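A look at the structure
Residue-level listing of the chains:
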Amino acid sequence: MNIKDTLSGNKKKTVVVGGIAAVLVLGAGGAAIAGVAGNDNLRGGDRDRAGEAALEHVGKGEVTDAERGDDDDVEAYEVEVTRPDGSEVDVKLDQDFTVIDSDDDRDDSGPEADDRRLSEDERTKAAEAARAEVPGTVHDVEASDDRIGDATAAYEVEVVTEDGIDWDVWLDDQFAVIDSRQD
């Protein structure tokens, strides 16, 4: 074996080792990018702000999960708070970190307000109030117990506008509009 063969062999090893290293680096980078793209969990400042808003709403507890809402959700953020007694509250926030709804598992002891059956009169009044807010066709009228800001909705009405846009309209027990949002 001469010096030329030795150098030539080292070059091959260098190229092979360098190629393997490049594949590993690119693969790890791709996995990291894929992990971030598919991860709805909040981190950093958004998690801190969402957690503070949720804890202020709930009182005592610890933020055990925080994530971004999906495109089809009303909420921009959802935060799970676990109280010292082990009960949990899911707090939904808008893009400005304002509480728009919460679901307290301690309230699961009896029938939910949103499980109640509506009378025809309630359906008619709720539909009329929702159409006054968002002109269109009413597709659904349901009882509700959603927390919208500081109020609790008694009714949720789905309205579809002439141009096909779905809206959710929340009403109080007097059929006054609490909020309306494009779905």
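Structural data are supplied above this passage.
Some details on the sheet that holds strand S1 (residues 62-68)
Sheet strands associate in pairs through backbone hydrogen bonding, adopting either a parallel or an antiparallel arrangement. In spatial order, the strands read S1-S2-S3-S4; together these four strands make up an open sheet with antiparallel pairing. Of all strands in the sheet, those bounded by a partner on one side alone are S1 and strand S4 (99-104). Taking each pair of neighbouring strands and ignoring which way they run, the sheet shows an average axis angle of 20°. Sheet topology places S1 next to strand S2 (residues 77-82); six bridges connect them, and they run antiparallel. Across the sheet, residue Ala66 finds its bridge partner in S2, namely Val79. Together, S1, S2, strand S3 (88-93) and S4 form the strand contacts of helix H2 (residues 44-58), whose direction differs from that of S2 by roughly 55°.

Examining the pattern of salt bridges
This model, assessed by the stated rule, comprises four salt bridges. Lys125 is paired through a salt bridge with Asp121; the nearest N and O atoms lie 3.4 Å apart. Note that Lys125 and Asp121 are positioned in helix H3 (residues 120-133) at a spacing of four residues, about one turn of the helix. Judged by its relative accessible area of 38%, Lys125 falls in the partly exposed class. When the shortest N-O distance is used, the salt bridge between Arg181 and Asp179 registers 2.5 Å. When sorted by exposure, Arg181 lands in the same class as Asp179, which is buried.

Parameters and conventions
- Residues numbered from 1 in each chain as written.
- Predicted model: local features only at pLDDT ≥ 70, side-chain atom pairs only at ≥ 80, totals over all residues.
- Heavy atoms only, no water.
- Pairing = 2+ DSSP bridges.
- Helix = DSSP H or I, 4+ residues; strand = E, 2+ residues; numbered from the N terminus.
- Axes fitted to C-alpha atoms, helices over the stretch in contact; angles between N-to-C directions.
- Contact = heavy atoms within 4.5 Å.
- Salt bridge = Lys/Arg side-chain N within 4 Å of Asp/Glu carboxyl O.
- Buried < 20%, exposed > 50% of the residue type's maximum accessible area, 1.4 Å probe, protein only.

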